Amino acid sequence: MSYKGLIRCNSRVSKEERDFYEMKNKAAEFYHGNGVQEKIERVLSDMFYDKPEDVYGYLANYFTQLSAPPRISRLKGSEVYDARGQLSIQAEVFCIIRNEEKWVSSAAIASDCGFPEEARGPSAGREDKADHVMTALRWINEPLSNMLKGLNPCDQAGVDDILSNFFMARYLEEKEARSKEKEVNDSHSELEVEPPPPLPPAHSKEKKASDKGKKGNSVEKPVPPRTPKEPALPGSMAVGSVSLAVAKTGAQLQGVPLYKYIATLKNQVQREFRVPVPLVTLLSCGKTSPGKLNLLEEIILIPKAGQRVRQITAMALQIQKEMTRIMTTTSKAGAVQAAAASATGAPVAAYERPEQPLDAIADACRNLGLPLGTELHLAVNCAADELMDYSKGKYDVVTGSLKSPDELVDMYQALVSKYPAVVALIDPLRKEDVDQWERLSSVLGASCCLLSDISFKPPGHGLQPHAPPLSGVKGYILKQTNETSLSDLIRITTDHQDAVILGTTCSEPCHDDALSDLAVGLGMSYFKLGGLSGGERLTKYNRLISIEEELAQQGILGSFQTSRSIRLAGETEGASCMRWEVEKLQRCFVYQHTETDNTASHSCVNGACQSVYCLSINVSPSDKPEQMAKEGTELVTGSVSAKGKDRVRQHLRRTPASTL
């Protein structure tokens, strides 16, 4: 007789036994419903045949595969200090893993409050930063933690979508509040009665005659006023930090490096990974340097593609060491090196003319036997936006020597012509000087690449949020700050793969090296890391070296291929080609140039030029399409105009494309 029948026949069975019997039935139903018995029988059978040394480890691995996927349980925000000693935030992610809450990862990103430095003092800046930090901590610990609770940390797109929607709602609220405040201020200003303007003074005939005589004199065109920089929304750094922390969580849970995890998020199956070429800042002679020279905020080394990161860093250190020796032992350099490094992590030197630091670098490379101009090149971060003296309408290039935007263009043209190793200029002008950007692009041609910094990105916009792309700009330096999520970076780098360089900021987190993984995972060609000073930058250099060595050991380290739009280094060794970048017209007409008679003749139409020099004629936004199309037609038919010949000769006299 069964136990159930015994209970029915024997009414004297205790209540405890009945409860135990019912609980036993419920347990059997629970185990049967979840297939526990079948899974245990299967693992015991498999383990018997496998006979592992670690029996319980075998069982643990088996049941781990059957466990529910981890879920985000909560977020935690905490205060940290960045490389400049200012308050910042760190986002931490906790997950429920096998029924236990565990800390998984943390992340911190750089922040940009978006206020001009000259518009506020140091105390005001710290107060603004503290307000941003407190708001970000409140966002992380309260609404964002509740919104992401229970989500799969490997669903990066879903998490970033929630973060983006949350940020946009806060942004619209802030925008509406500012609009209402502006309406109130405007209503108060209308109530104020303004005195009538004074009558213009009467001019004498002699005064009118003198004014008439001055009409023939050239009058400088007034510079456009500065476009107000939209301040970052307080708390926006929470979005970028949480997005990166969730990505690191997903990578750790899947047991893969962050760069490989990011590559899978791009929906790309990569058999090989390419490590971007690091752009190393050698010297800083900017506005904060003790000398008169303000223009050269950063002088950046562009190494030859194909070298290992460890070799590049060692070479950059050798150049800096030799430059220090030259500055301390030779009066020719005329520089005084400061003891501390700049905010970009490079040595600071005091110079009076822009040619002096470039000469010092050239001398150092010559002494070390390094081929500057062929295998090594330079980029200059001008940071021109910080040099404008709005009271005089000129750039404070050198203390006591102001230059108008047109004069600055002439200066760049002379500088690049004298130093052909300089193949890139970063922010050489204010973005408001549109005409000068177009003129600079025209006079430099393909001899120098113009880049623009877009470290601050307003919400809901792409690379150029407020205005159309600047004429002649070949690439943008993108930085992960504020509300920039990982999905934003993936979208931007996918849509503009050949026009983006990932860069660092002056307020990088001190311990987070995830930016190096981002550069590799996003498939960047170049990585602007700054100087070889400061833990916040050296951790990223070291991480880049570790990734490269790891890929080499695994046999999946691919060879570097030069970007099609940003040509900072030669695409083929020994090639001597001058290329005019293609932006509008995909097909280019290539012409052979003969040095003996300086004539241009048709050579090929597929870019496979084997001549000593070649020139790619194309339509660029900086040129008039009608003029360029006409000129290209004349060259194709063999009827080369005099202007066309002059343009060919002008570009052929410049640096070969192996330096681009």
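Residues numbered from 1 in each chain as written. Predicted model: local features only at pLDDT ≥ 70, side-chain atom pairs only at ≥ 80, totals over all residues. Heavy atoms only, no water.

> What is the right way to look at the overall build of the protein in this model?
When its secondary structure is counted, the protein shows 18 helices and 19 strands. In the protein, which comprises 660 residues, the proportion classed as buried is 48%. In the protein, once contacts between residues fewer than 6 apart in sequence are set aside, the share between residues at least 24 apart is 70%. For the protein, the computed accessible surface area is about 33700 Å², with 52% contributed by carbon and sulfur atoms. (Helix = DSSP H or I, 4+ residues; strand = E, 2+ residues; numbered from the N terminus. Buried < 20%, exposed > 50% of the residue type's maximum accessible area, 1.4 Å probe, protein only. Contact = heavy atoms within 4.5 Å. Areas by Shrake-Rupley, 256 points an atom, 1.4 Å probe, with all protein chains shown as cover.)

> Whenever I open this one, the environment of Asn 542 confuses me. Can you help?
Along the chain, Asn 542 falls in helix α16 (residues 535-554). Linking Asn 542 and Asp 513, residues 29 residues apart in sequence, is a C-alpha distance of 8.6 Å.

> Just checking my understanding: could you explain the sheet that holds strand β11 (residues 401-403) for this structure?
Across a sheet, strands are paired by hydrogen bonds formed along the backbone, either parallel or antiparallel in direction. Here three strands make up an open sheet; going across it, the order is β9-β10-β11 and the pairing antiparallel. Because the sheet does not close on itself, it has two edges, and the strands there are β9 (388-389) and β11. Pairing analysis gives two bridges linking strand β10 (residues 394-398) to β11, with the strands arranged antiparallel. By the bridge assignment, Val 398 is partnered in β11 with Ser 401. In the packing of helix α12 (residues 405-418) onto the sheet, the strands contacted are β10 and β11, and the crossing angle to β11 comes to about 100°. (Pairing = 2+ DSSP bridges. Axes fitted to C-alpha atoms, helices over the stretch in contact; angles between N-to-C directions.)

> I'm lost on helix α11 (residues 355-368) in this one. Help?
If you check α11, its first and last C-alpha atoms are 20 Å apart, about what 14 residues at 1.5 Å a residue would give, namely 20 Å. Positive phi shows up at Gly 369, right after α11, with a value of about 75°. (Expected span 1.5 Å × (residues − 1).)

> Sorry if this is basic, but what is going on with the pairing of strand β3 (residues 100-107) here?
Pairing between strand β2 (residues 87-97) and β3: seven bridges, direction antiparallel. Of the residues in β3, the one forming a bridge with Cys 95 is Lys 102. Between β2 and β3, which pair antiparallel and follow one another directly, the connecting turn spans two residues, one of which, Arg 98, has a positive phi of 50°.

> Teacher, can you tell me more about helix α3 (residues 36-50) here?
Counting along an α-helix, one turn takes 3.6 residues, and residues three or four places apart therefore face a common direction. The end-to-end C-alpha distance of α3, which contains 15 residues, comes to 21 Å, matching closely the 21 Å that a straight helix rising 1.5 Å per residue would cover. Two residues or fewer after α3 comes Lys 51, characterised by a positive phi angle close to 50°.

> How should the nonpolar core be read in this particular structure?
In a soluble, globular protein the nonpolar side chains are often hidden away together inside. Core analysis: the largest hydrophobic core is formed by 118 residues, its most contacted members being Val 242, Leu 295, Ile 319, Leu 425 and Leu 518. Element by element, the count of residues in this core is highest for helix α8 (residues 237-254), at nine residues. When neighbours within four sequence positions are excluded, Leu 295 is seen to be in contact with Cys 285, Asn 381, Cys 382, Leu 387, Val 397, Met 411 and Tyr 412. The next biggest cluster of nonpolar side chains, apart from the first, holds 13 residues, and it includes Val 277, Leu 279, Ile 300 and Ile 501. (Core = buried A, V, L, I, M, F, W, Y, C linked by side-chain atoms within 4.5 Å.)

> For this particular structure, what's the right way to read the pairing of β10?
Consecutive side chains along a regular strand alternate between the two faces of the sheet. Summarising the sheet, β9 and β10 pair through two bridges and their orientation is antiparallel. Bridging across to β10, Asp 389 finds its partner in Lys 394. Hairpin connection, β9 to β10: the antiparallel pair is bridged by four residues, and Gly 393 has positive phi, about 70°. Hairpin geometry of β10 and β11 is characterised by an intervening segment of two residues between the two adjacent antiparallel strands and by a positive phi of about 90° at Gly 400.

> Teacher, can you tell me more about the sheet that holds β2 here?
One open sheet accounts for three strands, arranged β1-β2-β3; its pairing is antiparallel. Either end of the sheet is taken by a strand with one partner, and the two such strands are β1 (71-81) and β3. With strand direction ignored, the average angle separating the axes of adjacent strands in the sheet is 25°. Against the sheet, α8 contacts β1, β2 and β3, and its axis sits at roughly 120° relative to β3.

> Just to check I follow, could you spell out the pattern of salt bridges for this structure?
Pairs can form between side chains of opposite charge whenever their charged atoms are close. Across all of its chains, the model carries 23 salt bridges by this definition. We note a salt bridge from Glu 375 to Lys 304, for which the minimum N-O separation is 4.0 Å. Pair noted here: Glu 375 is in the loop between α11 and β8 (377-381) and Lys 304 is in the loop between β5 (296-302) and α10 (309-329), with a separation of 71 residues, a long-range link. You can call Glu 375 partly exposed: its relative accessible area is 34%. For Lys 304, a relative accessible area of 24% gives the class partly exposed. Through salt bridges with shared partners, a single network forms among Asp 406, Asp 410 and Arg 439. (Salt bridge = Lys/Arg side-chain N within 4 Å of Asp/Glu carboxyl O.)

> I would appreciate a short explanation of the packing of helix α15 (residues 514-521) against α16 in the present structure.
The geometry of a pair of packed helices is captured by two quantities: the angle between their axes and the separation between those axes. With their axes 8 Å apart at the nearest point, α15 and α16 run at an angle of 45° to one another. Our classification of the angle between α15 and α16 gives oblique. Considering the relative orientation of α15 and α16, their crossing is right-handed. Along its contact with α15, which presents Leu 515, Ser 516, Asp 517 and Val 520, the element α16 presents Lys 540, Arg 543, Leu 544 and Ile 547. (Parallel < 35°, antiparallel > 145°, perpendicular 65-115°, else oblique. Left-handed = near helix turned anticlockwise from the far one by under 90°.)

> Can you walk me through the state of the cysteines in this structure?
Each disulfide consists of a covalent bond between the sulfur atoms of two cysteine residues. With the rule as written, the count across this model stands at zero disulfides. Between Cys 154, a free cysteine, and Cys 95, which holds the nearest cysteine sulfur, the sulfur-to-sulfur gap is 8.6 Å. (Disulfide = S-S within 2.5 Å.)

> Help me out: how do you make sense of the packing of α3 against helix α4 (residues 55-66) in this one?
Contact pair α3 / α4: the axes reach a minimum separation of 11 Å and the direction vectors enclose 140°. Taken together, α3 and α4 sit at an angle that is classed as oblique. As α3 packs across α4, the resulting crossing turns out to be right-handed. The residues of α4 that touch α3, namely those facing Lys 39, Ile 40, Arg 42, Val 43, Asp 46, Met 47 and Asp 50, are Val 55, Tyr 58, Leu 59, Tyr 62, Phe 63 and Leu 66. Taken together, the residues of the contact of α3 with α4 break down into nine nonpolar, no polar and four charged. (Nonpolar A, V, L, I, M, F, W, Y, C, P; charged D, E, K, R; others polar.)

> It is not clear to me how the packing of aromatic side chains should be interpreted in this structure. Could you clarify?
In this description, a pair of aromatic rings is defined by centroid distance and the angle of the planes. A full pass over the atoms with the stated rule returns six aromatic pairs. Aromatic pair Phe 48 and Tyr 49: ring centres 5.6 Å apart, planes at 75°, arrangement edge-to-face. Here Phe 48 and Tyr 49 have matching classes, each one exposed. Between Lys 51 and the ring centre of Phe 48, over which it is positioned, the NZ or CZ distance is 4.2 Å. Across the ring face of Phe 166, the terminal group of Arg 170 is positioned such that the distance to the ring centre comes to 4.7 Å. (Phe/Tyr/Trp six-rings, centres within 6.5 Å; stacked < 30°, edge-to-face > 60°. Lys NZ or Arg CZ within 6 Å of the ring centre and 35° of its normal.)

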